[in-house]
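Overview (structure and organization)
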Amino acid sequence: MFLPTVTPSVPDVAQWHSLDGKAVTLNNKITILGFAGEKVLQRKGNYFNLNQKIYLKNKDFTDFQFVILAPTGTEKNIQVLFKGLQSLSDASKWLFVFAPKAEIEAYFAQLKLKGKLESDCGSNYVYIIDKKRNLRGRKDQKEYKEGYNAFSPSDVYNEMIDDVKVILAEYRLALKRNNANR
């Protein structure tokens, strides 16, 4: 079973600055992409939920990361959130990237999604981006899913966990095939 591509070739995030000043890219990484918005501390429960259900189970996968886009000016609140995540586990693969609100809105529009950002440039939804920067999800008419509601434990637990397992299995299978062909 493979996870279908919802949006091919999403833009990278390397043009913006991160919390620690290091370059962040979506290239060659399996990324959980989120949008913190200006109300980041009101959404902190989403990140703790994702940390427990998704991050901790997959953080040892070499090419796995969380990238959260946040509006410029929210750095102090993001630091508070990040310290909270660090108190629970090694949070080294939680990466926070800052950009002006207008640029975040333009970036989100390029994802070509049915869902929308809230007025603060945030969302409860997170998205799976593969190593080739394709946004992946479910495309069935009955079960269309472009993102996962991190506010909803059942959405994360029932669907996102399974879909992350599928995408990681795809890469493990490809790795095995490449090694067998050598």
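This is a predicted model, so every value here is computed, not measured.

Here we take up the pairing of strand S5 (residues 94–99). Burial analysis of S5 places 5 of its 6 residues in the buried class, the great majority of the element. In the sheet, strand S2 (residues 17–18) pairs with S5 via 2 bridges, with the strands oriented antiparallel. Across the sheet, the residue bridging to His 17 is Phe 98, located in S5. The pairing of strand S4 (residues 64–71) with S5 spans 6 bridges and is classified as parallel. By the bridge assignment, Phe 66 is partnered in S5 with Trp 94. Regarding the hand of the β-α-β motif, the stretch spanning S4, helix H2 (residues 75–88) and S5 is right-handed.

As a further point, take the pairing of strand S3 (residues 30–36). Burial runs high along S3: 7 of the 7 residues are buried. Residues Ile 30, Ile 32, Gly 34 and Ala 36 of S3 are buried on one face, and the alternating residues Thr 31, Leu 33 and Phe 35, pointing to the opposite face, are buried as well. The sheet contact formed by S3 and S4 spans 6 bridges and is parallel. Bridge pairing in S4 places Leu 33 opposite Val 67. For the crossover that starts at S3, traverses helix H1 (residues 44–58) and ends in the parallel S4, the hand is right-handed. Sheet analysis places S3 next to strand S6 (residues 122–129), joined by 5 bridges and oriented antiparallel.

What follows covers the nonpolar core. Leu 50, Ile 54, Phe 64, Trp 94 and Phe 96 are the most contacted members of the largest nonpolar core, which totals 34 residues. Secondary structure elements with two or more residues in this core: S3, H1, S4, H2, S5, S6 and helix H4 (153–180). The greatest single-element share of this core, amounting to 8 residues, is contributed by H4. Sequence-distant contacts of Phe 64, defined by excluding residues within four places in its chain, comprise Ile 30, Ile 32, Ile 54, Tyr 55, Asn 58, Lys 59, Lys 93, Val 164 and Leu 168. One finds Trp 16, Ile 104, Phe 108 and Leu 111 within the second-largest nonpolar core, a separate group that totals 22 residues.

What follows deals with H1. Taking 1.5 Å per residue, 15 residues should reach 21 Å; H1 reaches 20 Å between its end C-alpha atoms and fits that length. Approximately 45° is the largest bend angle found in H1, and it occurs at Asn 51. Along H1, the positions that sit buried rather than exposed are Asn 46, Tyr 47, Asn 49, Leu 50, Asn 51, Ile 54, Tyr 55 and Asn 58.

Rules and cut-offs
Residues numbered from 1 in each chain as written. Predicted model: local features only at pLDDT ≥ 70, side-chain atom pairs only at ≥ 80, totals over all residues. Heavy atoms only, no water. Buried < 20%, exposed > 50% of the residue type's maximum accessible area, 1.4 Å probe, protein only. Helix = DSSP H or I, 4+ residues; strand = E, 2+ residues; numbered from the N terminus. Pairing = 2+ DSSP bridges. Right-handed = clockwise from strand over helix to strand, strands pointing away. Core = buried A, V, L, I, M, F, W, Y, C linked by side-chain atoms within 4.5 Å. Contact = heavy atoms within 4.5 Å. Expected span 1.5 Å × (residues − 1). Bend = angle between axes of the 7 residues up to and from the residue.

None of the figures reported here should be taken as evidence of function without further support.
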